[in-house]
Amino acid sequence: MKAKELVLDLYKNDVLLHRSEVAQLLHEDLIIEWNSSKGFVQMKKEDVLNLSDELSTAYIRSKMRITHIIEEGNMVSVRYSHFVKTIENPREEMLLAHFFVIWEIKDEKLYRGYQMSQFS
(Lines give C-alpha, C1' and ligand atoms only; values in the text may rest on other atoms or scores of the structure.)
Protein backbone atom coordinates (compact mmCIF):
# COMPACT_ATOMS: atom_id res chain seq x y z
CA MET A 1 0.00 0.00 0.00
CA LYS A 2 1.27 3.46 -0.86
CA ALA A 3 2.08 5.81 2.00
CA LYS A 4 -0.60 8.31 0.94
CA GLU A 5 -3.29 5.60 0.81
CA LEU A 6 -2.38 4.44 4.31
CA VAL A 7 -2.70 7.96 5.71
CA LEU A 8 -6.00 8.49 3.90
CA ASP A 9 -7.31 5.27 5.49
CA LEU A 10 -6.80 6.84 8.94
CA TYR A 11 -8.77 9.93 7.97
CA LYS A 12 -11.80 8.20 6.46
CA ASN A 13 -15.10 9.13 8.08
CA ASP A 14 -15.55 7.58 11.53
CA VAL A 15 -12.33 5.50 11.50
CA LEU A 16 -11.01 7.34 14.57
CA LEU A 17 -14.10 6.16 16.47
CA HIS A 18 -13.19 2.49 15.98
CA ARG A 19 -10.23 1.26 18.02
CA SER A 20 -9.80 -1.94 15.99
CA GLU A 21 -9.60 -0.07 12.68
CA VAL A 22 -7.11 2.42 14.06
CA ALA A 23 -4.98 -0.38 15.55
CA GLN A 24 -4.55 -2.01 12.13
CA LEU A 25 -2.95 1.17 10.76
CA LEU A 26 -0.46 1.82 13.57
CA HIS A 27 3.09 0.48 13.89
CA GLU A 28 3.87 -1.23 17.21
CA ASP A 29 6.61 1.39 17.86
CA LEU A 30 4.43 4.37 16.94
CA ILE A 31 5.29 7.74 18.43
CA ILE A 32 3.35 10.95 17.81
CA GLU A 33 4.85 14.27 18.85
CA TRP A 34 1.87 16.61 19.16
CA ASN A 35 2.08 20.36 19.71
CA SER A 36 -1.35 21.75 20.52
CA SER A 37 -2.72 24.95 21.98
CA LYS A 38 -2.65 23.09 25.32
CA GLY A 39 1.05 22.19 25.04
CA PHE A 40 3.25 19.29 23.96
CA VAL A 41 2.19 15.64 24.18
CA GLN A 42 4.05 12.52 23.12
CA MET A 43 1.81 9.55 22.39
CA LYS A 44 2.52 5.87 21.83
CA LYS A 45 0.25 3.33 20.14
CA GLU A 46 -1.76 2.53 23.28
CA ASP A 47 -2.30 6.26 23.95
CA VAL A 48 -3.75 6.71 20.44
CA LEU A 49 -6.02 3.69 20.91
CA ASN A 50 -7.22 5.08 24.24
CA LEU A 51 -7.94 8.41 22.51
CA SER A 52 -9.99 6.49 19.94
CA ASP A 53 -12.02 4.98 22.80
CA GLU A 54 -12.59 8.45 24.29
CA LEU A 55 -13.71 9.86 20.95
CA SER A 56 -16.16 7.01 20.40
CA THR A 57 -17.70 7.67 23.80
CA ALA A 58 -18.27 11.37 23.12
CA TYR A 59 -19.09 11.44 19.40
CA ILE A 60 -21.28 9.53 16.96
CA ARG A 61 -19.63 10.90 13.79
CA SER A 62 -16.10 11.95 12.91
CA LYS A 63 -15.19 13.59 9.61
CA MET A 64 -11.92 15.00 8.32
CA ARG A 65 -11.92 17.67 5.64
CA ILE A 66 -8.50 17.42 4.04
CA THR A 67 -7.33 20.55 2.25
CA HIS A 68 -3.76 19.46 1.45
CA ILE A 69 -1.96 16.13 1.22
CA ILE A 70 1.57 15.68 -0.10
CA GLU A 71 3.50 12.42 -0.43
CA GLU A 72 7.25 12.16 -0.78
CA GLY A 73 8.74 8.69 -0.43
CA ASN A 74 7.68 7.28 2.93
CA MET A 75 6.55 10.69 4.26
CA VAL A 76 3.05 12.17 3.94
CA SER A 77 1.99 15.67 5.04
CA VAL A 78 -1.69 16.39 5.68
CA ARG A 79 -3.59 19.56 6.53
CA TYR A 80 -7.18 19.00 7.65
CA SER A 81 -10.05 20.11 9.86
CA HIS A 82 -11.73 17.61 12.18
CA PHE A 83 -15.53 17.79 12.50
CA VAL A 84 -17.70 15.73 14.86
CA LYS A 85 -21.32 15.17 15.83
CA THR A 86 -22.12 14.68 19.49
CA ILE A 87 -24.43 12.12 21.03
CA GLU A 88 -26.43 14.97 22.59
CA ASN A 89 -26.86 16.86 19.32
CA PRO A 90 -26.44 14.46 16.38
CA ARG A 91 -27.81 16.91 13.80
CA GLU A 92 -25.17 19.58 14.35
CA GLU A 93 -21.67 19.21 12.96
CA MET A 94 -19.06 20.84 15.18
CA LEU A 95 -15.49 21.80 14.27
CA LEU A 96 -13.07 20.34 16.84
CA ALA A 97 -9.77 21.70 15.56
CA HIS A 98 -7.47 22.34 12.61
CA PHE A 99 -4.49 20.01 12.17
CA PHE A 100 -1.25 19.71 10.29
CA VAL A 101 0.68 16.44 10.53
CA ILE A 102 3.69 14.86 8.91
CA TRP A 103 3.52 11.05 8.92
CA GLU A 104 6.48 8.72 8.47
CA ILE A 105 5.57 5.25 7.22
CA LYS A 106 7.50 2.09 8.13
CA ASP A 107 6.55 -1.51 7.33
CA GLU A 108 3.33 -0.19 5.71
CA LYS A 109 2.16 1.26 9.05
CA LEU A 110 2.01 4.73 10.58
CA TYR A 111 5.34 4.92 12.43
CA ARG A 112 6.05 8.55 13.41
CA GLY A 113 3.70 11.51 13.50
CA TYR A 114 4.66 15.16 13.96
CA GLN A 115 1.42 17.03 14.54
CA MET A 116 0.27 20.55 15.32
CA SER A 117 -3.30 21.54 16.13
CA GLN A 118 -5.36 24.54 17.05
CA PHE A 119 -8.82 24.45 18.54
CA SER A 120 -11.56 26.16 16.58
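Parameters and conventions
Residues numbered from 1 in each chain as written. Predicted model: local features only at pLDDT ≥ 70, side-chain atom pairs only at ≥ 80, totals over all residues. Heavy atoms only, no water. Pairing = 2+ DSSP bridges. Helix = DSSP H or I, 4+ residues; strand = E, 2+ residues; numbered from the N terminus. Axes fitted to C-alpha atoms, helices over the stretch in contact; angles between N-to-C directions. Contact = heavy atoms within 4.5 Å. Phe/Tyr/Trp six-rings, centres within 6.5 Å; stacked < 30°, edge-to-face > 60°. Buried < 20%, exposed > 50% of the residue type's maximum accessible area, 1.4 Å probe, protein only.

Asks: Quick rundown of the sheet that holds strand β6 (residues 109–119)? Include the residues and the values.
Replies: Strand order in this open sheet of six strands is β2-β1-β6-β5-β4-β3, and the pairing throughout is mixed. Lying at the two open borders of the sheet, with one neighbouring strand each, are β2 (39–44) and β3 (59–72). The mean inter-strand angle of the sheet, taken between neighbouring strand axes irrespective of direction, is 20°. Note: strand β1 (residues 26–36) against β6, six bridges, orientation parallel. For Trp34, the partnering residue across the bridge sits in β6 and is Gln115. Each of β3, β4 (75–86), β5 (93–106) and β6 touches helix α1 (residues 3–10); the most contacted strand, β3, lies at about 160° to it. Where helix α3 (residues 45–58) meets the sheet, its contacts fall on β1, β2, β3 and β4, and the angle it forms with β1 comes to roughly 70°.

Asks: Give me the lowdown on the pairing of β5, citing residues and values where you can.
Replies: Here eleven bridges tie β4 to β5, and the two strands are oriented antiparallel to one another. Each bridged residue has a counterpart across the sheet, and for Val84 the counterpart in β5 is Met94. Linkage of β4 to β5, two consecutive antiparallel strands, is achieved through a turn of six residues. Taken together, β5 and the strand that follows it, β6, pair antiparallel across an intervening segment of two residues, in which Asp107 is found at a positive phi of about 55°.

Asks: How would you sum up the packing of aromatic side chains? Please name residues and give values.
Replies: In this description, an aromatic ring pair is defined by two values, namely the gap between the centres and the angle between the planes. Tallying each qualifying case throughout the model produces three aromatic pairs. Between Trp34 and Phe99, the ring centres sit 6.1 Å apart and the planes meet at 50°, which makes this aromatic pair tilted. Taken together, the residues span a long stretch of sequence, with Trp34 in strand β1 and Phe99 in strand β5 at a distance of 65 residues. Taken as a pair, Trp34 and Phe99 share a single burial class, namely buried. When the ring of Tyr80 is compared with that of Phe99, the centres are 4.9 Å apart and the planes differ by 5°; the resulting orientation is stacked. Linking Tyr80 in strand β4 with Phe99 in strand β5, this pair joins segments that are 19 residues apart in sequence. In this structure Phe99 comes out as buried when scored by relative accessible area, which is 11%. Every member of this aromatic cluster is reached through a ring pair, and the members are Tyr11, Trp34, Tyr80 and Phe99.

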